[in-house]
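Working through the structure, step by step
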Amino acid sequence: MRRLTILMIPIIAMTASCSGPIKTRIETQSGSPLATQKQYNFTTKPEQNSEAYQIARKMVANALATNGFTAKDNAPILVHIALGGRPASIAMTAGEKDDVSTIAEQKERKPLQSCEDVEHRLTINMVNASDGSILYSGTAAEYHCKGTIEQSLPHLIDAALSDLGNSSEANISKTRTRSGLE
């Protein structure tokens, strides 16, 4: 009986544990050079009134302020935030017929996992208000089983803005790994 109990401890620990490595997938792209006047304004849409979006907006404003940006009406830069979650068992694709690209692949459930994964995704686009050209775009996404999008926001925002100010116009894809609540 004692041996069975000792053998069951690792299995119970694996199924009860929800912490582990969290991989933040990041894609950034810098377009036209950022304006010398680092003034921005957020785009507004009625559907952007959720509590999570309002939290994200405040956190993005703080992150932009840290990078020397100030909020101002009629600013030369418009900032658009897209925030969402989806079941990780569903892939996201774009395009039609023979021209389909995968935005986010389906994630398989881990063995002995106690709940379904959800993907938390944040995209921040900075656009030239006068001509609509993209100045900067950053997307960050993570899979979570029990973590909330509000818990993910600081990490997603930091990741999405990680290449802000980088003069390279290339697409940059990278992954960060951290520990925390999956």
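Here the structure is shown first, and the text comes after it.
The structure presented is a predicted model; accordingly, all values stated were derived computationally and were not measured.

1. Quick word on the overall build of the protein chain
When you go through the protein chain residue by residue, the secondary structure sums to 3 helices and 9 strands. Shown N-terminal to C-terminal, the secondary structure of the protein chain runs as helices and strands in the order α-β-β-α-β-β-β-β-β-β-α-β. A burial count over the protein chain gives 35% of its 182 residues as buried. Across the protein chain, the fraction of contacts at a sequence separation of at least 24, relative to all contacts at a separation of at least 6, is 74%.

2. Points about the nonpolar core
Within the largest apolar cluster, 26 residues are counted, with the highest numbers of intra-cluster contacts made by Tyr40, Leu64, Val79, Met126 and Leu161. Contributing elements (two or more residues each) for this core: β2 (39-42), α2 (51-66), β4 (77-87), β7 (118-128), β8 (134-144) and α3 (149-160). At 6 residues, the largest contribution of residues to this core is made by α2. Other than its neighbours up to four places away in sequence, leucine 161 contacts Ala63, Leu64, Ile124 and Tyr136.

3. Details of the packing of α2 against α3
One way to put it is that α2 packs onto α3 with a least axis distance of 10 Å and a crossing angle of 25°. Comparing their axes, α3 and α2 come out roughly parallel. The handedness of the crossing between α2 and α3 comes out as right-handed. Contact residues: α2 offers Ala52, Ile55, Ala56, Met59, Val60 and Ala63, while α3 offers Ile149, Glu150, Leu153, Pro154 and Ile157. Its residues assigned to classes, the contact of α2 with α3 comprises 10 nonpolar, no polar and 1 charged.

4. Quick word on the side chain of aspartate 117
Take aspartate 117: it is sitting in the loop between β6 (99-104) and β7. At 3.5 Å, the side chain of aspartate 117 forms a polar contact with the backbone nitrogen of cysteine 145.

5. Regarding the packing of aromatic side chains
Per the stated rule, a full pass over the model turns up 1 aromatic pair. The lysine or arginine in question, arginine 25, covers the ring of tyrosine 143, its NZ or CZ lying 4.1 Å from the ring centre.

6. Comments concerning the pairing of strand β5 (residues 92-96)
Pairing of β5 with β6, which is carried by 5 bridges, proceeds in the antiparallel orientation. Residue pairing across strands places methionine 92 opposite alanine 104, the latter belonging to β6. Hairpin connection between β5 and β6: a loop of 2 residues separates the two successive antiparallel strands, and lysine 97 in this loop has a positive phi of roughly 45°.

7. A few points about unusual backbone geometry
Despite not being glycine, asparagine 74 shows a phi value in the positive range, around 55°. Structurally, asparagine 74 is set in the loop between β3 (70-71) and β4. Backbone geometry at lysine 97 places phi at a positive 45°, although glycine is not the residue there. With respect to the element layout, lysine 97 can be found in the loop between β5 and β6.

8. Quick word on the pattern of salt bridges
Taken as a whole and judged by the stated rule, the model has 6 salt bridges. Among the ionic pairs, arginine 25 bridges to glutamate 119, the shortest N-O distance being 2.3 Å. Residue arginine 25 is found in strand β1 (residues 19-30), and its partner glutamate 119 is found in strand β7; the two are separated by 94 residues along the sequence. By relative accessible area, which is 26% here, arginine 25 ends up partly exposed.

9. Things to note about α3
Taken residue by residue, α3 has Ile149, Ser152, Leu153, Leu156, Ile157, Ala159 and Ala160 as its buried positions. Within α3, the buried residues cover an arc of 155° as seen down the axis, which keeps them to one side.

Here is what the cut-offs are and how they apply
- Residues numbered from 1 in each chain as written.
- Predicted model: local features only at pLDDT ≥ 70, side-chain atom pairs only at ≥ 80, totals over all residues.
- Heavy atoms only, no water.
- Helix = DSSP H or I, 4+ residues; strand = E, 2+ residues; numbered from the N terminus.
- Buried < 20%, exposed > 50% of the residue type's maximum accessible area, 1.4 Å probe, protein only.
- Contact = heavy atoms within 4.5 Å.
- Core = buried A, V, L, I, M, F, W, Y, C linked by side-chain atoms within 4.5 Å.
- Axes fitted to C-alpha atoms, helices over the stretch in contact; angles between N-to-C directions.
- Parallel < 35°, antiparallel > 145°, perpendicular 65-115°, else oblique.
- Left-handed = near helix turned anticlockwise from the far one by under 90°.
- Nonpolar A, V, L, I, M, F, W, Y, C, P; charged D, E, K, R; others polar.
- Polar contact = N/O pair within 3.5 Å; in protein donor to acceptor, adjacent residues only side chain to side chain.
- Phe/Tyr/Trp six-rings, centres within 6.5 Å; stacked < 30°, edge-to-face > 60°.
- Lys NZ or Arg CZ within 6 Å of the ring centre and 35° of its normal.
- Pairing = 2+ DSSP bridges.
- Salt bridge = Lys/Arg side-chain N within 4 Å of Asp/Glu carboxyl O.
- Arc of directions from axis to C-beta.

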